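Here are the chains, one letter per residue:
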Protein chains: 2
Amino acid sequence: MADIDDSEAERHRAKMAKRKAVQDAEVAQKTIEKGLLIVNTGPGKGKTTAAFGLALRMLGYGRRVGVVQFIKGKWHTGEKDAFKAFGDQLVWYSMGEGFTWETQDLKRDIAAAEAAWVRVEELMADPSISLLVLDELNIALRYDYLDLDRVVAALKGRREDLHVVVTGRNAKPALTEAADLVTEMGATKHHFSAGVKAQQGIEF
Amino acid sequence: MADIDDSEAERHRAKMAKRKAVQDAEVAQKTIEKGLLIVNTGPGKGKTTAAFGLALRMLGYGRRVGVVQFIKGKWHTGEKDAFKAFGDQLVWYSMGEGFTWETQDLKRDIAAAEAAWVRVEELMADPSISLLVLDELNIALRYDYLDLDRVVAALKGRREDLHVVVTGRNAKPALTEAADLVTEMGATKHHFSAGVKAQQGIEF
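Owing to the predicted nature of the structure, the values given are computational and were not obtained by experimental measurement.

Now for the UniProt feature "domain: Cob(I)alamin adenosyltransferase N-terminal" (unreviewed entry) in chain A. Here the UniProt-annotated "domain: Cob(I)alamin adenosyltransferase N-terminal" (unreviewed entry) positions come out as residues 6-27 of chain A. Within the segment residues 6-27 of chain A, helix and strand shares are 100% and 0% respectively, and the terminal C-alpha atoms sit 31 Å apart.

As a further point, take helix α5 (residues 106-124) of chain B. Side chains of residues three or four places apart in an α-helix project in the same direction, reflecting 3.6 residues per turn. Residue and element names in this part refer to chain B. Its 19 residues give α5 an end-to-end C-alpha distance of 27 Å, which sits within 8% of 27 Å, the value for a rise of 1.5 Å per residue. Buried within α5 we find L106, D109, I110, A112, A113, A116, W117, V120, L123 and M124. What you see down the axis of α5 is that its buried residues fit within an arc of 160°, all on one side. You can read the cap of α5 off the contacts: a side-chain oxygen lies 3.2 Å from the backbone nitrogen of K107, and it is on D105.

Here a ring pair, both rings aromatic, is described through the centre-centre distance and the interplanar angle of the planes. Going through the model one piece at a time under the given rule, you end up with eleven aromatic pairs over all chains. Ring geometry for F204 of chain A and Y61 of chain B: centres 6.4 Å apart, planes at 85°, overall edge-to-face. Linking F204 of chain A in the segment after β6 (181-189) with Y61 of chain B in the loop between α2 (47-60) and β2 (64-69), this pair reaches from one chain into another. Ring centres 5.8 Å apart and planes at 25° place the aromatic pair Y143 of chain B and Y145 of chain B in the stacked group. We classify Y143 of chain B as buried; its relative accessible area is 16%. Look at Y145 of chain B and you get buried, because its relative accessible area is 1%.

Superposing chain B onto chain A takes a rotation of 180° combined with a translation of 0.0 Å along the rotation axis, leaving an RMSD of 0.0 Å. These values place the two chain copies in the arrangement generated by a two-fold rotation axis. Taken together, the interface assignments show that 100% of the residues at the interface of chain B recur at the interface of chain A, consistent with an identical surface on both copies.

Procedures and definitions
- Going along each chain's sequence as written, the residues are numbered from 1 onward.
- Lettering for chains starts from A, numbering for ligands starts from 1, and both go in the order in which the items are written.
- Given that this is a predicted model, residues contribute local features only at a pLDDT of at least 70 and side-chain atom pairs are listed and counted only at 80 or more, while totals for whole chains, interfaces and linings are drawn from all residues.
- The basis for every side-chain value is the complete set of heavy atoms in the structure, and neither hydrogens nor water enter the calculation.
- UniProt positions are given in the numbering used here, feature names are shortened, and annotations may be inferred rather than shown by experiment.
- Labels follow the DSSP assignment, with helices taken as runs of H or I lasting at least four residues and strands as runs of E lasting at least two, numbered in each case from the N terminus.
- Working rule for helices: expected span equals 1.5 Å times residues minus one.
- Exposure classes here rest on a 1.4 Å probe applied to the protein chains alone. A residue is buried below 20% of its type maximum, exposed above 50%, and partly exposed in between.
- What the arc measures is the spread of directions leading from the helix axis to the C-beta atoms.
- Here a polar contact is taken to be a pair of N or O atoms separated by no more than 3.5 Å, where protein atoms must pair a possible hydrogen donor with a possible acceptor and residues adjacent in sequence count only if both atoms sit in side chains.
- Any pair of Phe, Tyr and Trp rings, taking the six-membered ring for Trp, is counted once the centres come within 6.5 Å. Such a pair is stacked with planes under 30 degrees apart, edge-to-face with planes over 60 apart, and tilted for the rest.
- Least squares is used to superpose the copies, and the fit set is the C-alpha atoms of residues whose pLDDT is at least 70 in both copies.
- When checking whether two residues touch, look at their non-hydrogen atoms; a contact exists if any pair is within 4.5 Å.

Have a look at this one:
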């Protein structure tokens with residue numbers, strides 16, 4: 001990089017000092033601690049991956065995490081193996097039977113979603129769990145495998161200190177209204193469009 | 001859920017069989033394998049978290065991952081502890097001196113970014129690394145701590161099988177043009193606006 005002269009350095013310092021004052025004032029206003037209902041949705045990548053990143057962060061603090069996968073695909077086997085390093089800090093249930101277009105069996109999909117929901121209720125009642133990842137729950141809700149009102153009521157009624165992350169495209173408005181944090185992953189550019197296949201460590 | 005009658009089940013099956021045919025045809029067209037240049041940008045949450053989720057997936061396959069953090073904040077300590085479980089599968093460098101509005105020192109920020117880039121070049125040259133996470137590189141580029149052309153040229157010239165993830169807001173167009181996968185994390189709803197503070201296991 002080019003040399004920085006003193007006036008440029010001073011302009012930078014003054015700008016950043018101003019920015020820090022704004023930042024500090026904003027932080028000071030935030031005093032509430034609570035278990036968050038987080039929704040990762042949208043057509044882009046990273047919905048489940050970010051949820052597992054959060055799980056990793058929690059595990060790093062020695063806290064316990066529950067994962068319930070509503071739609072089991074060929075995906076996520078990499079992180080499933082990786083999570084084994086954390087022993088019983090992590091409780092993992094893969095309840096789905098595959099993508100809905102793989103099973104093509106509505107009754108079986110509904111039964112799998114209902115069985116997954118039983119696990120969710122168990123984990124929500126377990127005070128040792130700090131974070132619950134409900135992977136692809138949005139898909140189960142989108143296809144009406146589970147009753148939306150019942151699911152939203154249960155999530156709203158969660159323990160005060162329980163964080164829950166729901167993933168999947170097309171999150172229902174009733175769910176995003178109840179959520180504290182909604183992130184829409186947008187696919188600005190995708191390598192699948194350029195003929196690149198799903199690869200180990202990236203997509204699964 | 002209500003009972004599913006046979007005609008409804010059949011409609012579902014037919015719809016999903018059609019969807020599967022489309023899906024299978026799409027997958028069959030994708031044959032290229034290559035190291036991807038991935039950019040996680042946008043104002044929403046999950047840019048770094050998703051990158052670390054990818055790292056976790058790679059680690060689960062026994063592959064090696066390098067992380068270079070360009071802007072070191074108070075963040076990410078949870079996953080840093082968690083990653084210790086993977087020993088020398090992970091190489092981690094936190095090179096930044098803090099957020100630019102914390103240091104307020106342009107020369108120091110530039111020196112830190114340059115030192116970080118030296119580490120990146122070392123890791124790019126190491127054939128045992130499958131994935132490289134360049135955390136908050138977009139911030140270093142945004143403030144011109146590093147020369148954009150040089151960085152983009154180096155990333156384009158990476159080994160064929162090396163995946164690289166760049167995170168941070170305001171990704172430069174030259175970088176997204178060179179990327180295979182760009183995801184824009186959009187902040188649809190954020191709990192900070194409701195006065196909730198940064199919490200252990202969620203933000204850091």
